[in-house]
Amino acid sequence: MSHPPVSARLYGPGGPADGMAASLAWRGQWLVVSGGEVVLHTLAIADLRAEARGFNDSQLGLYWSDDAGDHVLILDAAALAVFREAAPAAFGHRLEAVRQAQRRTDRRFRWGIAVLLTALSLPLVALGLFLGFSDPLADWVVKRIPPSVEARLGEGVLAQTRAQSSLVASGPVFDGVQAIAQRLAQPDEKLRFYVADRPEINAFAAPGGVVVVNTGLLRAAGSPEEVAGVLAHEIAHVELRHSLGQLVKAAGLRVLLSAGVGDYGPLTDWGARLTELKFSRDAERAADTRGLERLVAARIDPAGLPRFFKTLEKSEAGGTPPALLSTHPATGERQASLGAAIQALGTPAVEPIPVDWPALQAALPRPR
């Protein structure tokens, strides 16, 4: 039985920053990628790597590499359903293997939750189990948090931000941040960018796609590319769901168990602590890597991120470290890792962000 072409978004070397529309069709054991009437790639199944993408694993990424570099096809939820039906048996088995592994993990952790609930009457035993299994248990809970709960957490953080500071909602500063945002956002991502009039050098992204940057950070940055580097890193934390994982673990055993059985009310009450969470070294490295990938895909100079961290280190020498460093420490190891990753990229194609940076900084509200 024949199937209609599947829609996707293609990213790769030499392509536009926001990707290009593509259609996928199977020819036996080959995937044919077309742009309009032109065949762009003909790929063997064995050369493709599939991974879940998006804030809620609602997208699928198909990856491959050739002499030109790395490529990725992004399929949204609607296209993914058609893709699974249309894919040849050899590829369909690969997707089924992923689903079976997820089901096995689901059964294993449901059993673990039942054991922990039984052990709650024995505090010392429960505490030992929690300490031993908190990381995998938190990861299991995070994978099952629905988008509606993420949206509630994001709205809670935004409400707290509004209560603590005024938002810059128009003018050169707002327009400049939105210009950076347009370059960073990928198709089908629901990201909302805000500017908070606060002196602290800080920026953060919350579940649900809420991204906030302080005027203090804009004042300290030397270019829009430095701001883009920070925001790409913050978005990566949310895309990889690091914020949710840290929040679930910080909330404690009883809240974690409530979330594990589908009661997310106690978890949303902890949403205000999202901006205070400190990430592990592994999480920071993963966010750096994903942030650099996002910058390269947007054709933004990836060196802006380490350049901004160097600026922060200089300001730290004079007194209290900036808020961004207190939650995202720029260790020497991390700086070296960033430098090595950027060097490995070679010379990616970059385009300046069209923002008059001196004019934007001149338009910033006076520090209070």
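**Q** So what about the overall build of the protein? Which residues, and what values?
**A** Looking only at helices and strands, one finds 15 helices and ten strands in the protein. Here the protein holds 368 residues, and the buried ones make up 47% of them. Here the analysis covers contacts within the protein between residues at least 6 apart in sequence; of these, 64% occur between residues at least 24 apart.

**Q** How would you sum up the sheet that holds strand β9 (residues 203–206)? Please name residues and give values.
**A** Here we have three strands laid out as an open sheet, ordered β8-β10-β9, and mixed in their pairing. Across the chains shown, the open sheet's two edge strands, defined by having one partner strand only, are β8 (192–196) and β9. Here the average twist between neighbouring strands, direction ignored, is 20 degrees. Helix α5 (residues 172–184) rests against β8 and β10 (210–214) of the sheet, and its axis sits at about 145 degrees to β8.

**Q** Lay out the packing of helix α7 (residues 224–239) against helix α11 (residues 281–297) with the relevant residues and their values.
**A** Between α7 and α11, the least distance of the axes is 8 Å, while the angle of their chain directions is 120 degrees. Comparing their axes, α11 and α7 come out oblique. Read as a crossing pair, α7 and α11 show a hand that is right-handed. Counting all contacts with α7, which are made through A228, G229, A232, H233, I235, A236, H237 and E239, the residues of α11 involved are A283, E284, A287, D288, R290, G291, R294 and L295.

**Q** Go over the nonpolar core with me, naming the residues and quoting the values.
**A** Ranked by internal contacts, the top residues of the largest apolar core, which has 39 residues, are L184, L218 and L231. Looking at which element gives the most residues to this core, the answer is α7, with seven residues. The contacts of L218, once residues within four sequence positions are left out, are V173, V177, V195, V213, V227, W357, L360, Q361 and L364. By size, the runner-up hydrophobic cluster in this structure holds 22 residues, among which are L31, L43, L48 and F83.

**Q** Got a sec to walk through the packing of aromatic side chains? Specific residues and values, please.
**A** One pass over the structure, following the stated rule, counts zero aromatic pairs. We note R49 situated over the ring of Y63; from NZ or CZ to the ring centre the distance is 4.5 Å.

**Q** I'd like a rundown of a nonpolar patch on the surface, residues and numbers included.
**A** On the surface, a cluster of nonpolar side chains totalling about 220 Å² of accessible area is made up of M20, V38 and L40. Positionally, L40 belongs in strand β4 (residues 38–44). Among the residues examined, L40 registers a relative accessible area of 32% and is labelled partly exposed.

**Q** Quick rundown of the pairing of β8? Include the residues and the values.
**A** With four of five residues buried, β8 is to be regarded as a mostly interior element. When β8 meets β10, the two strands line up parallel, connected through five bridges. Each residue of the ladder has a partner; that of A196, found in β10, is N214.

**Q** Explain the environment of L48 residue by residue, including any values.
**A** Checked against the element boundaries, L48 lands in the loop between β4 and β5 (49–53). Taking the relative accessible area as the measure of exposure, L48 reaches 5% and is therefore buried. Separated by 24 residues in sequence, L48 and V72 place their C-alpha atoms 9.5 Å apart.

**Q** Can you break down the pattern of salt bridges residue by residue, with the values?
**A** Pairing between side chains of opposite charge can happen when the charged atoms of each approach one another. According to the stated counting rule, one finds ten salt bridges in the structure shown. Note that R285 is salt-bridged to D282, the shortest N-O span being 2.4 Å. Placement of the pair is R285 and D282 together in helix α11, with a separation of three residues, close to one helical turn. Across the pair R307 and D301 runs a salt bridge, and its minimum N-O distance is 3.7 Å. Look at the salt bridges and you will find they share partners, linking E189, E239, R290, E293 and R294 into a network.

**Q** Account for α11, with residues named and values stated.
**A** The first and last C-alpha atoms of α11 sit 24 Å apart over 17 residues, in line with the 24 Å expected at 1.5 Å per residue. Listed as buried for α11 are A283, E284, A287, D288, R290, G291, L292, R294 and L295. Backbone geometry just downstream of α11 places R299 in the positive-phi region, at approximately 60 degrees.

**Q** Can you break down the side chain of T161 residue by residue, with the values?
**A** The residue T161 is located in helix α4 (residues 147–164) in this model. We classify T161 as buried; its relative accessible area is 7%. Setting aside chain neighbours within four positions, we find T161 in contact with L167, A196, F204 and V212.

**Q** Lay out α4 in plain terms, naming residues and giving numbers.
**A** The first and last C-alpha atoms of α4 sit 26 Å apart over 18 residues, in line with the 26 Å expected at 1.5 Å per residue. Within α4, the full set of buried residues consists of V149, E150, L153, G154, V157, L158 and T161.

Conventions and cut-offs
- Residues numbered from 1 in each chain as written.
- Predicted model: local features only at pLDDT ≥ 70, side-chain atom pairs only at ≥ 80, totals over all residues.
- Heavy atoms only, no water.
- Helix = DSSP H or I, 4+ residues; strand = E, 2+ residues; numbered from the N terminus.
- Buried < 20%, exposed > 50% of the residue type's maximum accessible area, 1.4 Å probe, protein only.
- Contact = heavy atoms within 4.5 Å.
- Pairing = 2+ DSSP bridges.
- Axes fitted to C-alpha atoms, helices over the stretch in contact; angles between N-to-C directions.
- Parallel < 35°, antiparallel > 145°, perpendicular 65-115°, else oblique.
- Left-handed = near helix turned anticlockwise from the far one by under 90°.
- Core = buried A, V, L, I, M, F, W, Y, C linked by side-chain atoms within 4.5 Å.
- Phe/Tyr/Trp six-rings, centres within 6.5 Å; stacked < 30°, edge-to-face > 60°.
- Lys NZ or Arg CZ within 6 Å of the ring centre and 35° of its normal.
- Patch = residues over 30% accessible without salt bridge, like charges linked within 9 Å, V, L, I, M, F, W, Y side chains within 5 Å.
- Areas by Shrake-Rupley, 256 points an atom, 1.4 Å probe, with all protein chains shown as cover.
- Salt bridge = Lys/Arg side-chain N within 4 Å of Asp/Glu carboxyl O.
- Expected span 1.5 Å × (residues − 1).

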